[in-house]
Amino acid sequence: MYQAAQDRYEQMPYRRVGRSGLQLPLVSLGLWHNFGDDKPFETQRAVLRRAFDLGVTHFDLANNYGPPYGSAECNFGRHLAEDFRPYRDELIISTKAGYDMWPGPYGNWGSRKYLLASLDQSLARMGLEYVDIFYSHRPDPDTPLAETMGALDAAVRSGRALYAGISTYTAAQTREAARIMRSLGTPLLIHQPSYSMLNRWVEEGSPSLLEVAEEEGMGVIAFSPLAQGLLTDRYLGGIPEDSRAAANKSFVPEWLSEQTLERVRGLSGLAAARGQTLAQLAIAWSLRDQRRGAAVTSALIGASSVQQLEQNLAAVRGLDFSPGEIDAIDEFAVESGIDLWRQPAD
């Protein structure tokens with residue numbers, strides 16, 4: 001029987017989510033990859049146990065994570081039942097709906113029909129009565145935003161979710177979504193955008209997404225802070241056979257341009273000077289303080305092994321940046337189009 005480490009809450013700092021009462025670990029674990037039926041169950045178990053032992057209390061899923069679709073939630077449900085059931089009240093479990101999940105017009109996008117049916121299916125797969133956060137995974141250009149937000153409100157009011165969130169919404173969409181939810185009496189808790197040193201769209205515009213989130217009292221949890229693995233040492237010497245790029249798995253080969261690789265090499269040198277790996281630098285940078293408060297609440301990472309998990313979680317021990325270091329990083333950390341999810345400009 002798994003017993004969590006007694007000192008787990010001494011291993012990880014936590015930040016409050018916007019103007020809510022909820023706190024998240026600085027680094028959260030995403031189950032987008034590595035928790036489907038194509039990965040060994042025992043490896044998954046080892047990663048989840050070690051994550052919790054190191055203070056990671058937030059596990060992030062979506063209905064179609066796998067492969068196949070739904071299998072990450074099914075596998076997580078088994079891990080929850082076998083290892084984490086005694087710790088349910090110490091966990092933040094989130095899931096999402098918005099991408100294709102089942103055939104036909106009711107298994108995609110942002111209708112009330114799809115979102116609430118998907119949430120019921122997710123709860124059944126994980127063996128849960130509720131999730132802590134339920135997200136609209138992406139904006140739907142053809143469904144009224146009020147309908148999508150109404151579904152999130154219904155999820156919370158019914159007790160199937162404690163909080164509501166959105167992902168990949170633009171700044172303008174976020175402001176309007178927050179207004180609608182506020183009028184319904186269920187404030188938006190959090191936004192989950194892609195964000196990395198090579199994908200800085202959340203800083204763009206006036207106001208930017210980060211500014212809107214702060215004004216609306218929302219937290220921000222950044223996914224893909226490693227730019228789909230590009231901000232690691234994996235691609236500095238070519239394309240490894242077992243990499244996402246080689247498998248064409250959520251990775252665009254054109255991202256590996258010489259110009260982008262030069263930026264990655266420059267960032268790698270700066271990481272070494274700080275005594276960090278490139279991945280640790282990228283995670284720490286995403287969590288830096290940009291104003292008086294923390295702009296990003298938590299960085300969402302994946303992990304295929306315990307070793308990789310431990311190395312990346314060590315980023316929380318190196319969050320301080322001098323102004324000179326930020327200036328040096330900004331020479332290389334420029335928008336490079338490393339974004340599969342970008343919405344049209346507002």
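Residues numbered from 1 in each chain as written. Predicted model: local features only at pLDDT ≥ 70, side-chain atom pairs only at ≥ 80, totals over all residues. Heavy atoms only, no water.

## Here we look at the packing of helix 4 (residues 145-157) against helix 5 (residues 171-184)
The criterion, for reference: Angles here are taken between N-to-C directions and fall from 0 to 180 degrees, while the axes themselves are lines fitted to C-alpha atoms, restricted in helices to the stretch in contact. Under the DSSP-based scheme used, a helix requires at least four consecutive residues in state H or I and a strand at least two consecutive residues in state E, with every element numbered from the N terminus. In these notes the angle categories are as follows: under 35 degrees is roughly parallel, over 145 is roughly antiparallel, 65 to 115 is roughly perpendicular, and the rest is oblique. Helix crossings get a hand from a simple test, with the near helix turned counterclockwise from the far one by less than a right angle marking a left-handed crossing and a clockwise turn marking a right-handed one. Any two residues whose heavy atoms approach within 4.5 Å are treated as being in contact.
Contact geometry for helix 4 and helix 5: axes closest at 10 Å, N-to-C directions at 50°. Accordingly, the angle class assigned to the pair helix 4 and helix 5 is oblique. Considering how the two elements wind past one another, helix 4 and helix 5 form a crossing that is right-handed. Judged by residue contacts, Leu145, Ala146, Met149, Gly150, Leu152, Asp153 and Arg157 of helix 4 engage Gln173, Glu176, Ala177, Ile180, Met181 and Leu184 from helix 5.

## Considerations on the packing of aromatic side chains
The geometry of an aromatic ring pair is captured by the separation of the ring centres together with the interplanar angle, meaning the angle of the planes. As a reminder, the rule being used: Stacked, tilted and edge-to-face are the three classes assigned to paired rings of Phe, Tyr and Trp, where Trp is represented by its six-membered ring and a pair needs centres within 6.5 Å; plane angles under 30 degrees give stacked, over 60 edge-to-face, the rest tilted.
Within the structure shown, the criterion is met by 10 aromatic pairs. Geometrically, the ring pair formed by Phe59 and Phe84 is edge-to-face, given 6.0 Å between the ring centres and 65° between the ring planes. Placement of Phe59 in strand 4 (residues 58-60) and of Phe84 in helix 2 (residues 71-84) is noted, with a sequence separation of 25 residues between them. Here the aromatic residues Tyr2, Phe52, Phe59, Phe76, Phe84 and Tyr87 are joined through ring pairs into a cluster of three or more.

## Things to note about the packing of helix 2 against helix 3 (residues 112-126)
Selection rule: Throughout, the ten residues Ala, Val, Leu, Ile, Met, Phe, Trp, Tyr, Cys and Pro are labelled nonpolar, Asp, Glu, Lys and Arg are labelled charged, and all others, Gly among them, are labelled polar.
Viewed as axis vectors pointing N to C, helix 2 and helix 3 meet at an angle of 45°, and their least axial separation amounts to 7 Å. The orientation of helix 2 relative to helix 3 falls into the category oblique. For the pair helix 2 and helix 3, contact is made by Glu73, Cys74, Phe76, Gly77 and Leu80 and by Ser122, Arg125 and Met126, respectively. Across the contact of helix 2 with helix 3, the residue classes break down as 4 nonpolar, 2 polar and 2 charged.

## What to know about the environment of Gly21
When you line up the elements, Gly21 lands in the loop between strand 1 (14-16) and strand 2 (23-25). Between the alpha carbons of Gly21 and Val56 there is a distance of 18 Å; along the sequence they are 35 residues apart.

## Description of the side chain of Ser196
Worth spelling out the cut-off: Note on exposure labels: buried denotes an accessible area under 20% of the residue type's maximum, exposed denotes more than 50%, and partly exposed covers the range between, all computed with a 1.4 Å probe on protein chains only.
Residue position: Ser196 is located in the loop between strand 8 (188-192) and helix 6 (209-216). For Ser196, a relative accessible area of 2% puts it in the buried group. Discounting residues that sit within four places of it in the chain, Ser196 has contacts with Ser224, Pro225, Ala227, Leu231 and Trp285.

## Overview of the pairing of strand 7 (residues 161-167)
Here is the rule: Pairing between strands is defined by DSSP: at least two bridges between them are needed. By definition, the crossover connecting two strands over a helix is right-handed if that path, from the first strand to the second, turns clockwise as seen with the strands pointing away from the viewer.
Of all 7 residues in strand 7, 5 are buried; the element is thus mostly enclosed. Relative to strand 7, strand 6 (residues 131-136) runs parallel, the two sharing 5 bridges. When the sheet's bridge partners are listed, Val131 is paired in strand 7 with Ala161. Regarding topology, helix 4 serves as the crossover connection from strand 6 to the parallel strand 7, and that connection is right-handed. When strand 7 meets strand 8, the two strands line up parallel, connected through 4 bridges. Bridge assignment links Gly165 to a residue of strand 8, and that residue is Ile190. Each parallel crossover has a hand, and the one from strand 7 via helix 5 to strand 8 is right-handed.

## Looking at the sheet that holds strand 3 (residues 27-30)
If you walk around this closed barrel you meet the 8 strands as 3-4-5-6-7-8-9-10, and the pairing is parallel. Sheet twist, expressed as the average angle between the axes of neighbouring strands with direction ignored, equals 30°. Strand direction decides the pairing type here: strand 8 and strand 9 (residues 219-223), joined by 2 bridges, are parallel. Among the inter-strand pairings, His191 is bridged to a residue of strand 9, identified as Val220. Relative to strand 7, helix 4 is tilted by about 155°, and along the sheet it contacts strand 6, strand 7 and strand 8.

## Points about helix 8 (residues 258-273)
One full turn of an α-helix is made of 3.6 residues, so residues set three or four places apart face in the same direction. What counts, and what does not: To estimate the expected span of a helix, subtract one from its residue number and multiply by 1.5 Å.
Compared with the 22 Å implied by 1.5 Å per residue over 16 residues, the 23 Å span of helix 8 between its first and last C-alpha is a close match. Within the sequence span of helix 8, burial applies to Thr260, Leu261, Arg263, Val264, Gly266, Leu267, Ser268 and Ala271. Among the residues trailing helix 8, Gly275 stands out with phi positive, at a value near 75°.

## A short note on the pattern of salt bridges
Note the cut-off: Salt bridges are identified by distance alone: a Lys or Arg side-chain nitrogen within 4 Å of an Asp or Glu carboxyl oxygen.
For the structure on display, the rule yields 22 salt bridges. Salt-bridge contacts for Arg49 lead to Asp83; the nearest nitrogen and oxygen are separated by 2.9 Å. Here Arg49 is found in helix 1 (residues 41-53), whereas its partner Asp83 is found in helix 2, with 34 residues between them in sequence. The class of Asp83 is buried, set by a relative accessible area of 2%. For the salt bridge of Glu203 with Arg200, the shortest nitrogen-to-oxygen distance reads 3.0 Å. Residue class for Arg200 comes out buried when judged on its relative accessible area of 13%. Salt bridges sharing common partners tie together Glu42, Arg45, Arg49, Arg78, Glu82 and Asp83.

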